[in-house]
Amino acid sequence: MELSQRILSIPPSATLTMNAKAQELKQKGENIISLAVGEPDFSPPEHVKEALITAVNDNCFQYLPVPGLPALREAGANYFYRFYQVQPEPQEIMFSNGGKQVLYNLFQVLLNPGEEVLIPAPYWVSYPPMVQLAGGVPKIIPTYLEDNFELSIETLKNSLTENTKILILNSPSNPTGVNYSQEKLTSLAQFALDKGLFVISDEVYDQLVYPPSQPASLARLWQNHKDKIAIVNALSKSFALTGLRVGFVLTAAPIIKAMTKLQSQSCSNICSVAQKAAIAALTGDFSFLEGERQKLKQRRDLTLEFLKDLGLKTPRPDGAFYVFPEVKKYFNSHLTNSTALCTYLLERAKIATVPGIAFGDDNCIRISYAVPTSVLEDALQRLKTALNEL
Ligand code: GLU
């Protein structure tokens, strides 16, 4: 059977592929440490797990409204009031299977063939294939390590063409951990809006920002540009619910309606019991995150210390749980790029990381530090030893 051009034109997700490879090697008995996939190591709060168990015991297994239960959409709307003092209507919110499906749906309902999406590099691996699958054209635009990988208005301006439709911003960033200031994020979005673009703000790591840095959001700007901004969030990272697949979006009601129509023809509602757990998460206590942030911050600092000792340049990771060091000084005639270096690290040091090329920068690698501190220490020591052998 001949497969479609559509599917043949995209690669598999590099993050998930690397994680699968690490798991496979582990199962074969190899002592692998995976710093590959972005997955918190803490447990979701008890009240969220209890809500899930109660939903199971209540036989909550039926079809539910495609965009989510009314109480869930209300809880999603209230999230933006709680953290950003913006009160949307529930019909301006919908739930999909993770931030990933929210983004997929958005591109599907917004893009016509040939329309361009500006994607600042380094970018999360799945943006370009999702744009392609929607018939759009991913237009990768550069940012520079010297500028902390932050997009400049100048670059944005120079990247516009008559086909540009969307700009995607992601703060804190996967893979760099860079967190924009509120002022910078707003000014980039405002510039894009002035040029007639739609702005997607991927804010899935907004709860994982390390003081003194503060989370930034386009929620306030959205109030005056409802059909020109979409804000993407999820419970995967903040509530350590990666496998439950709960993502949500804030945008204008007609766009939500279009995404609901699409989702009604693809997967319907998100898992029924997951919706109940998500209501408990979004309406409950967020204070557990204080301790998780502190732990993650310590691990980040530990990682940065190791990288500094190795003389590796890295952008300032004020959020998420990734660092993205520039490793090109280790390239040689055998290890010519980030993929070769990650393969070396996997084979020699038994640590899984993700090649920077998957994020649009072949000079770097991505390290996730969301693993227990003792495991991280072991992994960083292995990294150091293996790199010093080069
Ligand atoms: N977003 C996480 C990561 O970048 C999870 C895997 C994925 O969907 O890419 O590692």
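Residues numbered from 1 in each chain as written. Predicted model: local features only at pLDDT ≥ 70, side-chain atom pairs only at ≥ 80, totals over all residues. Heavy atoms only, no water.

**Observations regarding the packing of aromatic side chains**
Logical step 1: The tally for this structure, following the rule as stated, stands at 16 aromatic pairs.
Logical step 2: Linked through ring pairs, Phe 42, Tyr 79, Phe 80, Phe 83, Phe 95, Phe 239, Phe 248, Phe 286 and Phe 288 together constitute an aromatic cluster. (Phe/Tyr/Trp six-rings, centres within 6.5 Å; stacked < 30°, edge-to-face > 60°.)

**As for the sheet that holds strand S4 (residues 137-141)**
Whenever strands of a sheet pair, they do so through backbone hydrogen bonds, lying parallel or antiparallel.
Logical step 1: With respect to topology, seven strands assemble into an open sheet ordered S2-S8-S7-S6-S5-S3-S4, the strand pairing being mixed. Each of the sheet's edge strands pairs with one partner strand only, and the pair in question is strand S2 (93-96) and S4. The sheet shows a mean angle of 25 degrees between the axes of neighbouring strands, taken without regard to direction.
Logical step 2: Inspection of the sheet shows strand S3 (residues 116-120) paired to S4 by five bridges, in the parallel sense. Paired with Val 117 across the bridge in S4 is Pro 138. (Pairing = 2+ DSSP bridges. Helix = DSSP H or I, 4+ residues; strand = E, 2+ residues; numbered from the N terminus. Axes fitted to C-alpha atoms, helices over the stretch in contact; angles between N-to-C directions.)

**With respect to the site of the ligand**
Logical step 1: Contacts to the ligand come from Thr 15, Leu 16, Val 37, Gly 38, Lys 100, Trp 124, Asn 174, Lys 237, Tyr 322 and Arg 366.
Logical step 2: Take Trp 124: an N or O atom from its side chain is 3.1 Å from an oxygen atom of the ligand.
Logical step 3: In this structure, Arg 366 approaches the ligand through a side-chain N or O atom, which is 2.8 Å from an oxygen atom.
Logical step 4: Here the ligand has 280 Å² of accessible area as a free molecule, and 89% of this is covered by the chains.
Logical step 5: Across the shell around the ligand, the residue classes tally to four nonpolar, three polar and three charged. (Near = heavy atom within 4 Å. Polar contact = N/O pair within 3.5 Å; in protein donor to acceptor, adjacent residues only side chain to side chain. Areas by Shrake-Rupley, 256 points an atom, 1.4 Å probe, with all protein chains shown as cover. Nonpolar A, V, L, I, M, F, W, Y, C, P; charged D, E, K, R; others polar.)

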